[in-house]
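Read off the chains here:
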Amino acid sequence: EVNKVTEVKTMTRVEAIATGKLEIIDKIIDEKFWDMCKAQLFRPDLIKAKAKDVRIVYTPLHGTGAMHVEKVLGDLGLNIITVPQQREPDGNFPTVEKPNPEEKPALKLAVELATKEKADGLMATDPDSDRFGTAFPDKDGNFVLLSGNQMGALLMEYVFLSRKELGKMPANPACIRSIVTSPFGDYICKKYGVTMLDCLTGFKWIANVEATFEKSGKYNYVFGLEESYGYKVEKEVMDKDGVSAAAMCAEMILYWRSQGKSLLEHLDDMYKEYGYFEDRAISQNFPGQSGVATMKGIMAKLRENPPAALGGQKVVKVRDLMNDPDLPKSNVLQFYLESGTIVSARPSGTEPKIKFYINSMIPAGDGTDAWFSDAKKKAAALCDGISGDIKKIIDAASK
């Protein structure tokens with residue numbers, strides 16, 4: 001098709017606008033988008049009364065988020081301090097190796113500024129501002145980076161409890177998560193009477209499941225999430241959205257502050273109520289044509305001879321997405337352990353690597369600090385054991 005092009009015509013921006021070939025839609029779309037983000041919020045009176053007391057350090061990581069996040073959070077009355085070195089869009093991303101809010105080094109400048117400003121929270125969006133990362137100060141003032149699973153659980157619970165308290169929970173509510181996202185949310189859904197549905201990895205699948213609700217009328221969408229820092233609090237945008245997530249997170253900070261808790265303290269309370277969850281990911285690169293064969297070999301061996309145990313825990317169920325009746329075919333295997341822990345294996349669809357996701361779970365106990373401390377130790381030991389077993393599987397296949 002490219003070779004068929006024999007002439008390229010150009011015109012000036014002024015001429016393109018004058019002839020109607022170019023239409024600038026910034027105001028037409030942006031203002032509606034900002035209004036939509038703010039319309040998702042539950043407690044405008046709380047925001048109006050308390051927003052001025054909250055200081056948020058924000059970074060768009062040289063991407064597109066600054067105008068939108070600053071506008072929406074600024075309209076709410078929050079004190080937003082944007083990292084100056086990373087505010088302007090720059091496709092060279094000069095201050096970071098990877099402009100990814102999942103990567104701790106990418107938030108180095110933001111953490112330094114948040115510490116200096118004694119901020120109440122740190123927010124970050126990736127370059128196209130659909131993913132949303134956060135960090136919050138602990139009791140010693142050290143900023144703790146939350147995982148996508150942790151923030152997803154916090155946002156999910158806040159949306160559910162707010163809908164329930166305010167009488168806004170629809171009939172037959174449903175939440176959607178990707179299959180490699182922590183089962184933490186399953187337990188939250190059970191408490192609030194929300195159906196949890198899972199789908200393949202990638203937010204297009206979450207949006208696709210939501211789209212079926214509109215046709216069937218069986219469910220009403222209330223939240224969607226994936227472990228890679230993607231959240232969707234609204235129906236209007238059929239994709240993950242870091243801007244609306246930032247607004248909801250800001251209100252959530254204010255709500256739990258009004259209850260005498262920080263977000264980190266409330267997260268600990270959630271662990272004591274629902275059980276303790278720890279997540280890890282293991283990736284192994286296999287470049288070249290031989291690498292493709294090696295990854296196929298690993299998946300074939302796992303199918304033919306699945307492990308009887310991982311990390312010392314019995315495998316009680318194996319789910320193969322190549323023949324799962326509920327989802328499209330995908331080269332994914334999931335191993336369900338006796339504690340409720342789930343281990344998933346899948347070759348990447350975009351890179352020459354195989355990925356293993358460990359979503360560990362220690363069942364809820366008596367909710368005391370002693371139980372919580374013990375649960376964290378058990379989860380760490382379980383993840384270490386599973387990681388060791390996975391590395392043995394990879395090493396054996398590599399040889």
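Residues numbered from 1 in each chain as written. Predicted model: local features only at pLDDT ≥ 70, side-chain atom pairs only at ≥ 80, totals over all residues. Heavy atoms only, no water.

Q: Could you give an account of the sheet that holds strand E12 (residues 313-320), with specific residues and numbers?
A: If you walk across this open sheet you meet the 6 strands as E10-E15-E14-E13-E12-E11, and the pairing is antiparallel. The open sheet is flanked by strand E10 (276-285) and strand E11 (309-310), the only strands paired with a single partner. In the sheet, E12 pairs with strand E13 (residues 333-337) via 5 bridges, with the strands oriented antiparallel. Opposite Arg 319, over in E13, you have Gln 334 as the bridge partner. (Pairing = 2+ DSSP bridges. Helix = DSSP H or I, 4+ residues; strand = E, 2+ residues; numbered from the N terminus.)

Q: Let's hear about the nonpolar core: which residues, and what values?
A: Residues Met 123, Met 151, Phe 160, Phe 223 and Cys 249 are the most contacted members of the largest nonpolar core, which totals 69 residues. Apart from the residues within four sequence positions on either side, Phe 160 is in contact with Met 169, Cys 175, Ile 188, Cys 189, Tyr 192, Val 194, Val 222 and Phe 223. (Core = buried A, V, L, I, M, F, W, Y, C linked by side-chain atoms within 4.5 Å. Buried < 20%, exposed > 50% of the residue type's maximum accessible area, 1.4 Å probe, protein only. Contact = heavy atoms within 4.5 Å.)

Q: Hey, could you go over the side chain of Gln 334 for me, with residue numbers and the actual values?
A: With respect to the helices and strands, Gln 334 occurs in strand E13. With relative accessibility at 1%, the residue Gln 334 sits in the buried group. In terms of polar contacts, Gln 334 uses its side chain to reach the side chain of Tyr 336, at 3.4 Å. When residues no more than four places from it in sequence are discounted, the contact partners of Gln 334 are Ile 179, Lys 317, Val 318, Arg 319, Leu 321, Ile 342, Val 343 and Ser 344. (Polar contact = N/O pair within 3.5 Å; in protein donor to acceptor, adjacent residues only side chain to side chain.)

Q: Summarise the sheet that holds strand E2 (residues 79-82); cite the residues concerned and give the values.
A: With mixed pairing, the 5 strands of this open sheet are ordered in space as E2-E1-E3-E4-E5. Only two strands of the sheet have a single neighbouring strand rather than two, namely E2 and strand E5 (143-145). On average, each strand axis in the sheet is inclined to that of its neighbour by 25°, with strand direction left out of account. Examined bridge by bridge, strand E1 (residues 55-59) and E2 share 4 bridges and lie parallel to one another. (Axes fitted to C-alpha atoms, helices over the stretch in contact; angles between N-to-C directions.)

Q: Can you tell me about helix H12 (residues 369-398), naming the residues and giving the values?
A: Taking 1.5 Å as the rise per residue, H12 with 30 residues should run 44 Å; its terminal C-alpha atoms sit 43 Å apart, in good agreement. Buried within H12 are the following residues: Trp 371, Phe 372, Ala 375, Ala 379, Leu 382, Cys 383, Ile 386, Ser 387, Ile 390, Ile 394 and Ala 397. (Expected span 1.5 Å × (residues − 1).)

Q: Pulling in residues and values, what's your account of the packing of helix H10 (residues 263-274) against H12?
A: Here H10 crosses H12 at 85°, and the two axes come no closer than 10 Å. By the criterion of interaxial angle, the relationship of H10 to H12 is roughly perpendicular. Contacts between H10 and H12 involve Asp 268, Tyr 271 and Lys 272 on the former and, on the latter, Asp 369, Trp 371 and Phe 372. Considered class by class, the residues forming the contact of H10 with H12 number 3 nonpolar, no polar and 3 charged. (Parallel < 35°, antiparallel > 145°, perpendicular 65-115°, else oblique. Nonpolar A, V, L, I, M, F, W, Y, C, P; charged D, E, K, R; others polar.)

Q: So what's going on with the pattern of salt bridges? Which residues, and what values?
A: Enumeration over the complete set of coordinates arrives at 25 salt bridges. Ionic pairing is found between Arg 131 and Glu 102, a salt bridge with its closest N-O pair at 2.5 Å. Here Arg 131 is found in the loop between strand E3 (121-125) and strand E4 (132-137), whereas its partner Glu 102 is found in the loop between E2 and helix H5 (108-117), with 29 residues between them in sequence. Put simply, Lys 38, Lys 71 and Asp 75 are held in one network by salt bridges that share partners. (Salt bridge = Lys/Arg side-chain N within 4 Å of Asp/Glu carboxyl O.)

Q: So what's going on with the layout of surface pockets? Residues and values would help.
A: One number sums up the size of the largest pocket: a volume of about 910 Å³. If you trace the largest pocket, you find 31 residues lining it, with Glu 102, Glu 227, Ser 228, Lys 355 and Tyr 357 closest to the centre. Of all the secondary structure elements, the ones that give two or more residues to the lining of the largest pocket are helix H6 (148-165), E10 and strand E15 (353-362). When residues in the lining of the largest pocket are grouped by element, the largest group, 5 residues, is from E15. (1 Å grid on protein atoms, 1.4 Å probe; cavity = no way out; pocket = protein on both sides within 12 Å on 5 of 7 lines; lining within 4 Å. Points joined across faces, edges and corners; volume = space filled by probe spheres on them.)

Q: I'd like a rundown of the packing of aromatic side chains, residues and numbers included.
A: Under the definition given, this model contains 13 aromatic pairs. Taking 4.9 Å as the distance between ring centres and 80° as the angle between the ring planes, the aromatic pair formed by Tyr 255 and Trp 256 counts as edge-to-face. Ring pairs connect the aromatic residues Phe 184, Tyr 187, Tyr 271, Tyr 274, Tyr 276, Phe 277 and Phe 372, which therefore count as one cluster. Positioned above the aromatic ring of Phe 372, the side-chain terminus of Lys 376 is 4.5 Å from the ring centre. (Phe/Tyr/Trp six-rings, centres within 6.5 Å; stacked < 30°, edge-to-face > 60°. Lys NZ or Arg CZ within 6 Å of the ring centre and 35° of its normal.)

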